[in-house]
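Notes for the structure review
Here's the letter readout for the chains.
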Amino acid sequence: MLMKSLRSLLLTIASVLPLITMAHEGHGHEHPWSPGHFLANPEHSIPLVLAIALVTAFVVRRHIIAKRARK
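Residues numbered from 1 in each chain as written. Predicted model: local features only at pLDDT ≥ 70, side-chain atom pairs only at ≥ 80, totals over all residues. Heavy atoms only, no water.

Together, Met3, Leu6, Leu10, Ile13, Leu17 and Leu54 make up a nonpolar patch on the protein surface, roughly 540 Å² of accessible area in all. Here the nonpolar patch gets five residues from one element, more than from any other, and that element is helix α1 (residues 2-20). With respect to the helices and strands, the residue Leu6 is situated in helix α1. Taking relative accessible area as the criterion, Leu6 reaches 33% and is therefore assigned partly exposed. (Patch = residues over 30% accessible without salt bridge, like charges linked within 9 Å, V, L, I, M, F, W, Y side chains within 5 Å. Areas by Shrake-Rupley, 256 points an atom, 1.4 Å probe, with all protein chains shown as cover. Salt bridge = Lys/Arg side-chain N within 4 Å of Asp/Glu carboxyl O. Helix = DSSP H or I, 4+ residues; strand = E, 2+ residues; numbered from the N terminus. Buried < 20%, exposed > 50% of the residue type's maximum accessible area, 1.4 Å probe, protein only.)

See below:
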């Protein structure tokens, strides 16, 4: 079961990654590699928030499944 979930997660990441890494024209006044650039611009912050939510959901789900298995 875990292997199937992990495989699905990796497949999802691999299929979405090209969309996230596409180059875009310059914007903003910050240095392009500063944390503020990645947090203040939607082109970067939306995928970042989605990635954090996906990892959090995966960890929480895994924790819940492990907790049920112990009972």
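Continuing now.
Before going further, it helps to examine the side chain of Ser45. Looking at the element boundaries, Ser45 is found in helix α3 (residues 42-70). In this view, Ser45 contacts Phe38 and Leu39; residues no more than four positions away in its chain are not counted. (Contact = heavy atoms within 4.5 Å.)

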